[in-house]
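# Understanding the architecture of this molecule
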Amino acid sequence: MTNQERRDAHLAYIADGPVFKELVRTRGLIQKLNAFDRTDEDGIRKLVQELMGTEQVPHIVPPFYCDYGNHISVGRNVFFNYNCTLLDVGKITIGDNCMLAPGVAIYTAGHPLHPDSRNSGYEHGMDVTIGDNVWIGGSVVITPGVHIGDCCVIGAGSVVTKDIPAWSLAAGNPCRVIRTITEADRKFYFKDKEFDETAWEQVRKEEIHETV
């Protein structure tokens, strides 16, 4: 197997010449994206599509950073705010209607624990999956192999090291479930502040048909 094949099979691999060539291609596109005219949304979208090669194209507010780009798969209506970093050695899959706040980092890349093994140059990538309707708060770090279920909110500054079940409000370092998000939460827009009548009418039109 080539090191590219080993990488994609979640085996230990070395970033040799062919792997590094892929990284260089991505770095060139990232440089263009982060220097692009911020008012040219169509131009940014075309660059993101070239970078990721996916049918669905997320809305990205540069600067943005990733290793490969084409290891990232997103659903409909996905938003990345400033300074998101996705180390997509493994595959990163993000569902529909997801929002990533500024400074979010998703890491699939890892290295062996023992220094002798680590100094050998071998590394690995483990997939990260995020479900539909998820909001990832500012400066959250998601570590390799994590799965976050549908309709979760991850509080700002959290370090997610384990799977988070669907419909959870979770936060902390390490991130833990604080409580389940329920129907009672629908009428509030911030803590104990309720939507006014005008906003509430619009909210009621946006039904999310999911089960806990």
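It should be noted that the structure appears before, not after, this text.
My aim in this report is to walk through the structure given alongside it, one point at a time. Small disclaimer: the values here were computed from a predicted structure and weren't measured.

Time to look at the side chain of His 71. Within the secondary structure layout, His 71 lies in the loop between β3 (64-66) and β4 (72-74). Looking at His 71, its side chain comes within polar contact range of the main-chain oxygen of Val 89, at 3.2 Å. Apart from the residues lying within four places of it in its own chain, the contact partners of His 71 are Arg 7, Asp 8, Asp 88, Val 89, Gly 90, Lys 91 and Ile 92.

Glancing now at the sheet that holds strand β14 (residues 141-142). The strands that make up a sheet pair up through hydrogen bonds in the backbone, lying either parallel or antiparallel. A sheet is described by the order of its strands in space; here 5 strands give the open sequence β3-β6-β9-β14-β17, paired in parallel fashion. Edge positions in the sheet fall to β3 and β17 (159-160), since each has one partner strand and no second. As paired strands, strand β9 (residues 105-107) and β14 are joined by 2 bridges and run parallel to one another. In the sheet register, Ile 106 faces β14, and the bridge partner there is Ile 142.

Running from N to C, helix α2 (residues 17-35) and helix α3 (residues 41-52) point in directions that differ by 170 degrees, and their axes come no closer than 10 Å. The angle between the axes of α2 and α3 places the two elements in the roughly antiparallel class. Residues Arg 25, Thr 26, Leu 29, Ile 30, Lys 32 and Leu 33 of α2 pack against Ile 44, Leu 47, Val 48, Glu 50 and Leu 51 of α3. Taken together, the residues of the contact of α2 with α3 sort by class into 7 nonpolar, 1 polar and 3 charged.

What counts, and at which threshold
Residues numbered from 1 in each chain as written. Predicted model: local features only at pLDDT ≥ 70, side-chain atom pairs only at ≥ 80, totals over all residues. Heavy atoms only, no water. Helix = DSSP H or I, 4+ residues; strand = E, 2+ residues; numbered from the N terminus. Polar contact = N/O pair within 3.5 Å; in protein donor to acceptor, adjacent residues only side chain to side chain. Contact = heavy atoms within 4.5 Å. Pairing = 2+ DSSP bridges. Axes fitted to C-alpha atoms, helices over the stretch in contact; angles between N-to-C directions. Parallel < 35°, antiparallel > 145°, perpendicular 65-115°, else oblique. Nonpolar A, V, L, I, M, F, W, Y, C, P; charged D, E, K, R; others polar.

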